[in-house]
Amino acid sequence: MSRPAFDSACSPGPLPTMPWRWTALALALGVLAGCTEQREARVVETGSPLCAQGASASLDEVYAQHFAASAATGCASAGCHGTGAGGLTFTNASQLRAATVNRPAADGSRTLVVPGAPEQSVLYTKLLPGAPNRMPEGGPYLDDGALAAVAAWICAGAPEPSDAGVVEPVPGGPALASVSPDAVQVGSAEVTLQLDGARFESGSRVELNGAPLSSRFVSTSRLTATVSAAVNAQAAEHRVRVVNPPDGGVSEERAYRVLNPAPVLEVITPDTVAADGAPFDLMLGGGGFTASSVVLLDGAAVDTSWVSGTSLRARMPTFSTPGAHQVSVRTPAPGGGTSAARTLTVAVITGPTITGLSPSPGEADKAFRLSVTGSGYDCTPTRASVLFNGAALTPATCSATRLEVDVPATAAGGSSVQVRNPDGELSATATLQLVAPNPVPTLASLTPSEAAQGGTALTLGVTGTGFVSGTTLHFNGAARPTRVQGAGALSATLASSDLAVAGSFPVTVVSPAPGGGTSNTLDFAVVRPNPPPRVDTLSPCGRVAGGAGFTLTLEGQDFVSGASVTFNGTAVNVSSQSATRLTVTVPAGLVATAPSTGAVSVVVTNPAPGGGASAPAWFGLATRAVTLATHVQPIFDRNCNSGCHSSPSTPVNLTLGRSYAELVGQPSGACTSTLLVKECGPLRSQSVLIDKVLATNSNPACSGAPMPKGQPLSAAEKQALIDWVAQGAPP
């Protein structure tokens, strides 16, 4: 018996590989309403209770904060549904809208986004608490504010985003096929990327999130670039692209991911606690823990403190009833994952227990108040006592789960702590470490003290005093990954997000108790980067070698204060400057002799931040004075049959009286964007005439066979043509 036709339509078939959380979303969107033999048409009603207040939100913000690869609730790798699973494909906000608005789910039963009606939109309802297979699978889930933002965008009619940050590849520009490696583990050292593609140029630059990387041209199909250890210090997904020199185009973007390790949970301490005890700190031991790792108690996140790559501290609540609870560790994407669980047992325990001491450690040689938390403390008619190094201390305050006692000044070292109830029951012994107080830290310098807006992650070097284990750098009030190198030095990693907005941001360091505290403040500047300069014209554009020094004027764009100029690799003095014009003095020594190519480079370099060197402009420098009539026209006459290209099929006429007008400043029909003769442009890439006479079978011209046909020109004749073009192709 044949199968019903609707069976095949409902089968999802094999799915391509993609991030597990979003594969599940694609499947859920495809089969949310189930498979039935026929569908009942329905009319979508307008209006929505969620939209009663006229809420609106930008898809640019909603996507960046909640759906982008870099968001905690977003995609785990580039492309999300880029493989097309479930029919939902997007890599930016515009693509997300195109894939969802008024588009049916895979089974056709419901619409992914119904403008004006979030409660009728599958994309929204799958994000809600209590939704079957709530997305993103396994969390973290969107909170109330995020859900409101998604709903507000739909309420506003699901308008298009600006997608101002999306760079489309330029046809004919560089093509980036792959980046290798495309992923490394967080904490990796400096990495060299290999970029393979097509149409790369010697001046191509590699950018990471729009900021240039140190790169090297290997060939027209390969570049290499260096990613710093600072970039690799934090898990993130970055965008890599290739940009060719001015107006040369931008490639498509490829992902470079810094992956969190998968967490491994080996032990929890304690693993058994009393019912109705005080909240306490649970210590977790294992590996692969990061500052973004979160402890899960029965699947729900709890307050977590990162101690090290092998240790976490999590705040546990009071457990009112006996039972078993599952504790695991989740590290967010990219990379990451959820560890296997360990069991925390809650039992009925008679007698006193200790699960917490505060402060811990305590300050040596100084009296302080100690808080002891746990369970089973008797307070009536006689209070339980605390045995501190065996000496009974009467609590100042007493409850069933908390005692506070005043501890006298005690020498540094480990001190024993027990609780004894009036009936004589004793708790197990806890140890409190007493240490000398940490000094208050001070800051002396930051290196660097500024960075370019939009830059990649960087390592910030700090000098000062009083740094101890646990001292942490705070940037604009938020802690950053910190490595203490000694009492007077530490380093910290600033993320690319710290450099996203220009401004002056406070930097402090905070040392832990006992003692410790917050240092003085130094400011770190995030400044708008200088643009790379561009040189359009030189005046004069060329001359004959051996003359006196002269003034050279450069016209172009984005010349900033402090821009420098090199002439044939040697720095020259800038005498005047504006954003579009530079005037420099070229000494006679730099034009005393000419290269055989007939051209020397002129390069403008803008200072950091940003900035960089322009593509070279070429100044023509001839070995001798050459004119068309005396030196060049006889070459045409001797080597061209019937005027060289004088036939109707190739209408470039090099006969006497015609050659100048036919060549100088005239575009080539066969070699795109190249002139037949460019004044002061003696390089093969500048003038087709030079390209054709210097071409060989192994090094062909841009179009057609080498010229002239038959016997090649002599070296002297070739140099005469180069010299003529280099000095401006005079008539």
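Residues numbered from 1 in each chain as written. Predicted model: local features only at pLDDT ≥ 70, side-chain atom pairs only at ≥ 80, totals over all residues. Heavy atoms only, no water.

### Focus on the packing of helix H3 (residues 59-67) against helix H4 (residues 93-100)
With their axes 9 Å apart at the nearest point, H3 and H4 run at an angle of 100° to one another. Here H3 lies roughly perpendicular to H4, going by the angle between them. Two secondary-structure elements touch here, H3 through Leu59, Tyr63 and Phe67 and H4 through Ala93, Leu96 and Arg97. The class makeup of the residues in the contact of H3 with H4 is five nonpolar, no polar and one charged. (Axes fitted to C-alpha atoms, helices over the stretch in contact; angles between N-to-C directions. Helix = DSSP H or I, 4+ residues; strand = E, 2+ residues; numbered from the N terminus. Parallel < 35°, antiparallel > 145°, perpendicular 65-115°, else oblique. Contact = heavy atoms within 4.5 Å. Nonpolar A, V, L, I, M, F, W, Y, C, P; charged D, E, K, R; others polar.)

### Examining the environment of Arg480
Tracing the chain through its elements places Arg480 in strand S33 (residues 478-480). Between the C-alpha atoms of Arg480 and Thr493, which are 13 residues apart in sequence, the distance is 6.3 Å. Those residues in contact with Arg480, other than ones at most four positions away along the chain, are Thr472, Leu473, Phe475, Thr493, Leu494 and Asp498.

### Comments concerning H3
All of the buried residues in H3 are Leu59, Val62, Tyr63, His66 and Phe67. Buried residues of H3, viewed axially, fall in a sector of 105°; they line one side. (Buried < 20%, exposed > 50% of the residue type's maximum accessible area, 1.4 Å probe, protein only. Arc of directions from axis to C-beta.)

### Points about the pairing of strand S43 (residues 570-577)
As paired elements, strand S42 (residues 564-567) and S43 share three bridges and run antiparallel to each other. Counterpart to Val565 in the pairing with S43 is Val572. Hairpin connection, S42 to S43: the antiparallel pair is bridged by two residues, and Asn568 has positive phi, about 55°. Between S43 and strand S44 (residues 581-586), which pair antiparallel one after the other, the connecting turn spans three residues. (Pairing = 2+ DSSP bridges.)

### Let's talk about the sheet that holds strand S20 (residues 353-358)
Two pairing modes exist for strands in a sheet, parallel and antiparallel, and in both the strands are linked by backbone hydrogen bonds. Within the open sheet, the four strands sit side by side as S20-S22-S26-S25. Their pairing is antiparallel. Single-partner strands in this sheet number two, and they are S20 and strand S25 (397-398).

### A look at helix H10 (residues 715-726)
With 12 residues, H10 ought to run about 16 Å at 1.5 Å a step, and its terminal C-alpha atoms sit 16 Å apart, in line with that. Every buried residue belonging to H10 is among Glu717, Ala720, Leu721, Ile722, Asp723, Trp724, Val725 and Ala726, and all of these are buried. Along its buried surface, H10 packs onto strand S40 (542-544), strand S47 (617-622), helix H7 (628-639), helix H8 (659-663) and helix H9 (688-694). One or two positions beyond H10, positive phi appears at Gly728, with a value near 105°. (Expected span 1.5 Å × (residues − 1).)

### Concerning the nonpolar core
Where a protein is soluble and globular, its nonpolar side chains tend to be buried together. The biggest cluster of nonpolar side chains holds 23 residues, and the ones touching the most others in it are Val632, Phe636, Leu663, Val677, Leu689, Leu721 and Trp724. For this core, the secondary structure elements donating two or more residues are H7, H9 and H10. Broken down by element, this core gets its largest block of residues, five residues, from H10. (Core = buried A, V, L, I, M, F, W, Y, C linked by side-chain atoms within 4.5 Å.)

### A look at the environment of Pro700
Along the chain, the position of Pro700 falls in the loop between H9 and H10. Among the residues examined, Pro700 registers a relative accessible area of 52% and is labelled exposed. With residues near it in sequence (within four places) discarded, Pro700 still touches Arg684 and Ala695.

### A look at the sheet that holds strand S6 (residues 214-219)
Pairing is antiparallel in the open sheet, where four strands are placed in the order S1-S3-S7-S6. Unpaired on one side and paired on the other, strand S1 (175-180) and S6 mark the two borders of the sheet. Shown here is a sheet whose adjacent strand axes are inclined to one another by a mean of 25°, direction ignored.

### Looking at the state of the cysteines
Among covalent bonds in proteins, the disulfide is the one between the sulfur atoms of two cysteines. Applying the stated criterion to the full structure yields three disulfides. Covalent S-S linkage joins Cys379 and Cys398, the inter-sulfur distance amounting to 1.9 Å. With the S-S dihedral at roughly -85°, the linkage between Cys379 and Cys398 falls on the left-handed side. Of this pair, Cys379 sits in the loop between strand S22 (368-375) and strand S23 (385-388) while Cys398 is found in strand S25, placing the two residues 19 residues apart along the sequence. The class of Cys398 is partly exposed, set by a relative accessible area of 22%. A sulfur-sulfur separation of 1.8 Å characterises the disulfide bridge that pairs Cys671 with Cys702. Taking the sign of the torsion about the S-S bond as the criterion, the disulfide between Cys671 and Cys702, at about 80°, is right-handed. One end of the pair, Cys671, is in the loop between H8 and H9; the other, Cys702, is in the loop between H9 and H10, with 31 residues separating them in the sequence. Residue Cys702 is classed as partly exposed on the basis of its relative accessible area of 44%. (Disulfide = S-S within 2.5 Å.)

### A look at the pattern of salt bridges
Applying the stated rule across the entire model yields 15 salt bridges. Notably, a salt bridge pairs Glu253 with Arg239, separated by 3.5 Å at the nearest N-O pair. Residue Glu253 is located in the loop between strand S8 (236-243) and strand S9 (254-259), and its partner Arg239 is located in strand S8; the two are separated by 14 residues in the primary sequence. A residue is classified by how much of its surface remains accessible, and Glu253, at 28% relative accessible area, is partly exposed. Given a relative accessible area of 39%, Arg239 falls into the partly exposed group. For Arg534, the salt bridge goes to Asp536, with nearest N and O atoms at 3.0 Å. The class of Arg534 is partly exposed, set by a relative accessible area of 23%. (Salt bridge = Lys/Arg side-chain N within 4 Å of Asp/Glu carboxyl O.)

### Regarding the side chain of Ser328
You can see Ser328 is positioned in strand S17 (residues 323-331). Beyond its immediate chain neighbours, meaning those up to four positions away, Ser328 contacts Leu265, Val294, Val295, Leu296, Thr338, Ser339, Ala340 and Ala341.

### Some remarks on the pairing of strand S35 (residues 489-494)
Of all six residues that make up S35, five are buried, and the element is covered over most of its length. Examined bridge by bridge, strand S31 (residues 458-465) and S35 share six bridges and lie antiparallel to one another. From the neighbouring strand, Gly461 faces S35, where its bridge partner is Ser491. Bridge analysis of strand S34 (residues 482-486) against S35 gives four bridges, and the strand direction is antiparallel. Note that in S35 the partner of Val484 across the bridge is Leu490. In this structure, the hairpin formed by S34 and S35 is closed by a connection of two residues.

### As for unusual backbone geometry
For the peptide bond that leads from Ser358 to Pro359, omega is 5°, which places it in the cis range. Its location among the elements puts Pro359 in the loop between S20 and strand S21 (362-363). Residue Pro381 is reached from Thr380 by a cis peptide bond, and omega for that bond is -5°. Within the secondary structure layout, Pro381 lies in the loop between S22 and S23. With phi around 55°, Asn476 is a residue other than glycine that occupies positive phi space. Here Asn476 lies in the loop between strand S32 (472-475) and S33.

### Points about the packing of aromatic side chains
One pass over the full model with this rule turns up five aromatic pairs. On the numbers, 5.5 Å between centres and 35° between planes, the contact of Phe475 with Phe505 is tilted. With Phe475 in strand S32 and Phe505 in strand S36 (residues 503-511), this pair connects stretches of sequence that are 30 residues apart. On the accessibility criterion, Phe475 (3% relative accessible area) is buried. For Phe505, a relative accessible area of 14% corresponds to the buried category. Aromatic side chains Phe475 and Phe524 sit 5.9 Å apart centroid to centroid with 75° between the ring planes, which places their arrangement in the edge-to-face category. Taken together, the residues Phe475 in strand S32 and Phe524 in strand S38 (residues 522-527) connect sequence positions 49 residues apart. (Phe/Tyr/Trp six-rings, centres within 6.5 Å; stacked < 30°, edge-to-face > 60°.)

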